[in-house]
Amino acid sequence: MTTHKTRMLIIGSGPAGLTAAIYGARAGLSPIVVQGLQPGGQLTITTDVENYPGFRDVIQGPWLVAEMQAQAEHVGTRMLWDTIVDVDFSGAGKAGAPFRAIGDSGDVYEGDALVIATGAQARWLGVPGEQELSGKGVSACATCDGFFYRGKKVVVIGGGNTAVEEALYLTNHSQDVTLIHRRDSVRAEKILQDRLFTHPNIKVLWNKRVDHFVGDTAIGGAGLTGVALIDTVTGEASLEPTQGAFVAIGHAPATELFKGKLELDAGGYVVVQPGTPKTSIPGVFACGDVMDHTYRQAVTAAGTGCMAALDAERFVAEHAFAAKG
Ligand SMILES: Cc1cc2nc3c(=O)[nH]c(=O)nc-3n(C[C@H](O)[C@H](O)[C@H](O)COP(=O)(O)OP(=O)(O)OC[C@H]3O[C@@H](n4cnc5c(N)ncnc54)[C@H](O)[C@@H]3O)c2cc1C
């Protein structure tokens with residue numbers, strides 16, 4: 001068992017954690033990033049990224065995040081391959097007592113400031129064809145991928161705020177949007193429902209659950225061609241032809257670790273002071289998708305990662321801790 005000490009400990013290696021690392025390293029805090037089970041985060045499971053500023057041509061998600069990591073290491077970040085399984089914030093507010101985190105490896109990590117950047121994962125339906133056609137017509141992010149379906153027929157699966165927002169957003173690109181919901185009413189806020197039901201380019205298929213996704217998974221193949229549905233009332237099977245299906249049944253922030261130790265909201269997201277990355281514990285900062293259920297983009301994750309590092313640097317300077325990187 002090894003104890004790793006740093007002035008800035010970062011949990012998570014997506015755009016939020018890596019941006020915090022770049023800023024923290026350049027401020028002389030010798031950050032440690034504990035990477036977790038998905039080094040590089042969600043961008044490693046996508047392909048084309050067209051909306052990250054600075055790149056006129058289409059870039060690949062895994063390449064973008066690899067560049068961020070290379071930059072973070074270049075300026076002095078230590079990347080460690082471990083997953084945090086427990087945290088101890090009992091030293092908060094006491095001089096010289098760092099924030100502690102325990103790795104799956106048994107190693108202990110101590111930071112004068114802690115940045116939580118553990119992200120969130122889209123909830124999937126778990127039906128056949130979904131993962132095989134992910135990135136080939138099946139997506140969980142209309143803001144990210146809607147542009148690729150310009151002029152095509154698309155479907156959105158779900159009945160909450162996210163699903164209705166995604167359907168409305170997709171009308172910017174498609175004139176033929178279908179919302180598929182397994183019940184006979186949506187849970188979305190009234191104002192969203194009004195916009196949904198009055199939109200000329202959106203139709204709703206009620207009482208339908210997705211049985212499986214249909215398509216051609218071969219490289220260069222057609223990708224998604226349809227969604228096989230079952231009527232939840234009659235049991236009747238049907239096929240909804242489409243080239244783009246957006247699964248919008250919510251996200252799960254990776255915050256199990258922090259339950260009872262940090263203030264979380266009803267959805268499990270880390271609560272931060274409005275407009276800041278400051279959590280309910282001074283010295284613990286949160287950035288990226290783990291504290292943001294609204295925007296959920298690489299650039300917003302990077303932006304809040306920057307803010308977390310700047311605030312962590314101020315916190316460490318004000319408290320003049322002893323631990324050295
Ligand atoms: C398929 C897909 C396509 C997308 N396309 C785009 C796009 O085109 N443009 C765009 O801007 N955004 C896109 N996004 C969204 C974007 O990827 C996310 O908003 C962004 O990655 C969030 O960054 P993050 O750093 O907050 O979290 P994440 O990227 O989720 O990273 C979380 C990190 O935390 C680590 N972690 C979790 N738990 C632990 C633990 N216990 N211990 C240690 N580490 C832990 C994980 O291993 C991971 O490294 C897409 C997302 C998906 C899923």
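Residues numbered from 1 in each chain as written. Predicted model: local features only at pLDDT ≥ 70, side-chain atom pairs only at ≥ 80, totals over all residues. Heavy atoms only, no water.

Draft legend 1. Geometry of the sheet that holds strand β16 (residues 237–241). Strand order in the open sheet made by the 3 strands is β14-β15-β16, with antiparallel pairing throughout. Every other strand in the sheet has two partners, leaving β14 (208–216) and β16 as the edge strands with one partner each. Put simply, the sheet's adjacent strands are angled 30° from each other on average, direction ignored. Where β14 meets strand β15 (residues 223–231), 8 bridges bridge the pair, whose relative direction is antiparallel. Residue pairing across strands places F213 opposite V227, the latter belonging to β15. (Pairing = 2+ DSSP bridges. Helix = DSSP H or I, 4+ residues; strand = E, 2+ residues; numbered from the N terminus. Axes fitted to C-alpha atoms, helices over the stretch in contact; angles between N-to-C directions.)

Draft legend 2. Layout of the site of the ligand. Taken together, the neighbourhood of the ligand is formed by 33 residues, with Q35, Q38, Q42, D289 and A298 sitting nearest. S13 is positioned such that a nitrogen or oxygen atom in its side chain is 2.9 Å from an oxygen atom of the ligand. In this structure, an oxygen atom belonging to the ligand sits 2.9 Å away from a main-chain N or O atom of A16. The fraction of the free accessible surface of the ligand (990 Å²) that becomes covered by protein chains is 93%. (Near = heavy atom within 4 Å. Polar contact = N/O pair within 3.5 Å; in protein donor to acceptor, adjacent residues only side chain to side chain. Areas by Shrake-Rupley, 256 points an atom, 1.4 Å probe, with all protein chains shown as cover.)

Draft legend 3. Highlighting helix α4 (residues 161–170). Among the residues making up α4, those that are buried are A163, V164, E166, A167, L168 and L170. Buried positions along α4 lie against α3 (142–145), β11 (153–157), β12 (176–180), α5 (190–198), β13 (202–205) and β17 (244–247). (Buried < 20%, exposed > 50% of the residue type's maximum accessible area, 1.4 Å probe, protein only. Contact = heavy atoms within 4.5 Å.)

Draft legend 4. How the structure looks around the pattern of salt bridges. This structure, assessed with the given rule, holds 11 salt bridges. The salt bridge partner of E240 is K203, with a shortest N-O separation of 3.6 Å. Taken together, the residues span a long stretch of sequence, with E240 in strand β16 and K203 in strand β13 at a distance of 37 residues. Accessibility expressed as a relative area gives 10% for E240, which makes it buried. Classification of K203 by relative accessible area gives partly exposed; the value is 41%. Through salt bridges with shared partners, a single ionic network connects K153, D176, K203 and E240. (Salt bridge = Lys/Arg side-chain N within 4 Å of Asp/Glu carboxyl O.)

Draft legend 5. The arrangement of the pairing of β11 in detail. The element β11 is extensively covered by neighbouring structure, given that 5 of its 5 residues are classed as buried. Of the two faces of β11, both are covered, the one formed by K153, V155 and I157 as well as the one formed by V154 and V156. Both β11 and β12 contribute to a ladder of 5 bridges, which runs parallel. The residue bridging V156 from the neighbouring strand is L179, located in β12. The handedness of the β11 to β12 crossover, carried by α4, is right-handed. Note: β11 against β17, 4 bridges, orientation parallel. Within the sheet, the bridge partner assigned to V155 lies in β17 and is A245. (Right-handed = clockwise from strand over helix to strand, strands pointing away.)

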